[in-house]
Amino acid sequence: MNDILEFLIKRRSVRSFQQKPVDLELIKQLIYVANHAPNSMNNEPWKFIIIIDEEIKKKLSTLHKGASHIALAPIGVAVVAEPEISPETWMVDVVNATMYFVLAAHSVGLGVGWIAAYENKKAKEILGIPDNKVLVTLLSVGYPDPNYKPREKSVKNPESVMFLNKWGNTLIRIKEN
């Protein structure tokens, strides 16, 4: 397996961080990378809200049980879609940009925890996100705690999630050329 594939497989969500500051210039670089994500007509229908205020992170951390780690992260990030810019593709476009951000962060030694915050009204209120914008996700970002051990990840084998040509046509094995 090549280095890039290995890099992708080894990335894990991080929910425990060192209390070491993260340079905002580095975050700007990660967003620059995110802006290169595939998106329809290069419309880039997203905005990133960088959250460094401790009170805001605390408020966001209480929104549901899976959000607690944002309070402990040096930086929180809200990823917001602008559906009016790309009405038919904004969701895929924004998730592509988010993954580019996450992978770029991993490449520079940062950990990221993805928080399922899709259209959380309280989070939108806390962050001042207008009604016509869509909160897609929250991310906690920081240098991973060296003692944090992410859960082992098990994934389905490729054949269990593949069909050949049409839905329902299962593969017994992939033939090599």
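Analysis parameters
- Residues numbered from 1 in each chain as written.
- Predicted model: local features only at pLDDT ≥ 70, side-chain atom pairs only at ≥ 80, totals over all residues.
- Heavy atoms only, no water.
- Helix = DSSP H or I, 4+ residues; strand = E, 2+ residues; numbered from the N terminus.
- Buried < 20%, exposed > 50% of the residue type's maximum accessible area, 1.4 Å probe, protein only.
- Contact = heavy atoms within 4.5 Å.
- Areas by Shrake-Rupley, 256 points an atom, 1.4 Å probe, with all protein chains shown as cover.
- Lys, Arg positive; Asp, Glu negative; His and termini not counted.
- Charge placed at Lys NZ, Arg CZ, Asp CG, Glu CD.
- Pairing = 2+ DSSP bridges.
- Axes fitted to C-alpha atoms, helices over the stretch in contact; angles between N-to-C directions.
- Expected span 1.5 Å × (residues − 1).
- Phe/Tyr/Trp six-rings, centres within 6.5 Å; stacked < 30°, edge-to-face > 60°.
- Lys NZ or Arg CZ within 6 Å of the ring centre and 35° of its normal.
- Salt bridge = Lys/Arg side-chain N within 4 Å of Asp/Glu carboxyl O.
- Parallel < 35°, antiparallel > 145°, perpendicular 65-115°, else oblique.
- Nonpolar A, V, L, I, M, F, W, Y, C, P; charged D, E, K, R; others polar.

Visitor: Could you give an account of the overall build of the chain, naming the residues involved and the relevant values?
Guide: For the chain, the count of helices and strands is 5 helices and 4 strands. Overall, the chain shows an N-to-C arrangement of helices and strands of α-α-β-α-β-α-β-α-β. Projected onto its principal axes, the C-alpha coordinates of the chain cover approximately 55 × 45 × 30 Å. Looking at the 177 residues of the chain, the share that counts as buried comes to 36%. Taking as baseline every contact in the chain between residues at least 6 positions apart, the subset at least 24 positions apart corresponds to 74%. Carbon and sulfur atoms make up 56% of the accessible area of the chain, which totals about 11,300 Å². Charge separation in the chain, taken as the distance between the mean sites of 22 positive and 19 negative side-chain charges, equals 7 Å.

Visitor: Let's hear about the sheet that holds strand β4 (residues 134-142): which residues, and what values?
Guide: Ordered in space as β1-β2-β4-β3, the 4 strands form an open sheet in which the pairing is antiparallel. Unpaired on one side and paired on the other, β1 (46-51) and β3 (111-115) mark the two borders of the sheet. The mean angle between the axes of side-by-side strands here comes to 25°, regardless of whether they run parallel or antiparallel. The sheet strands contacting helix α3 (residues 54-61) are β1, β2 (75-81) and β4, and the helix crosses β1 at an angle near 110°.

Visitor: Any chance you could break down helix α4 (residues 90-107) for me, citing the residues and the numbers?
Guide: Helix length check: α4, at 18 residues, gives a terminal C-alpha distance of 26 Å against a target of 26 Å (1.5 Å per residue), a fit within 8%. Within α4, the full set of buried residues consists of Trp 90, Asp 93, Val 94, Ala 97, Thr 98, Phe 101, Val 102, Ala 104 and Ala 105. At its buried positions, α4 is contacted by α2 (24-34), β1, β2, β3 and β4. Positioned one or two residues after α4, Gly 109 has a phi angle of 90°, which is positive.

Visitor: Residue-level account of the packing of aromatic side chains, with values.
Guide: For any pair of aromatic rings, the description consists of the separation of the ring centres together with the inter-plane angle of the planes. Taken as a whole, this structure holds 2 aromatic pairs when the rule is applied. When the centroid spacing of 4.6 Å and the interplanar angle of 65° are considered together, the rings of Phe 163 and Trp 167 count as edge-to-face. The ring of Tyr 143 has Lys 20 lying over it, and the distance from NZ or CZ to the ring centre is 4.2 Å.

Visitor: Could you give an account of the pattern of salt bridges, naming the residues involved and the relevant values?
Guide: Scanning all chains against the criterion turns up 8 salt bridges. Taking the shortest distance from any N to any O, the salt bridge between Lys 122 and Glu 125 comes out at 3.3 Å. Separated by 3 residues within a single helix, Lys 122 and Glu 125 lie in helix α5 (residues 121-127), roughly one turn from each other. Overall, the relative accessible area of 42% leaves Lys 122 in the partly exposed class. Each of the salt bridges in this network shares a partner with another, and the network as a whole consists of Lys 47, Glu 82, Glu 84 and Lys 133.

Visitor: Can you tell me about the packing of helix α1 (residues 3-10) against α4, naming the residues and giving the values?
Guide: Axis angle and axis distance: for two packed helices, these are the angle between their axes and the distance between the axes, and together they describe the pair. Between α1 and α4, the least distance of the axes is 11 Å, while the angle of their chain directions is 105°. Taken together, the axes of α1 and α4 lie roughly perpendicular to each other. Only Leu 103, His 106 and Ser 107 of α4 make contact with α1, whose side of the interface consists of Phe 7, Leu 8 and Lys 10. Of the residues assigned to the contact of α1 with α4, the class counts are 3 nonpolar, 2 polar and 1 charged.

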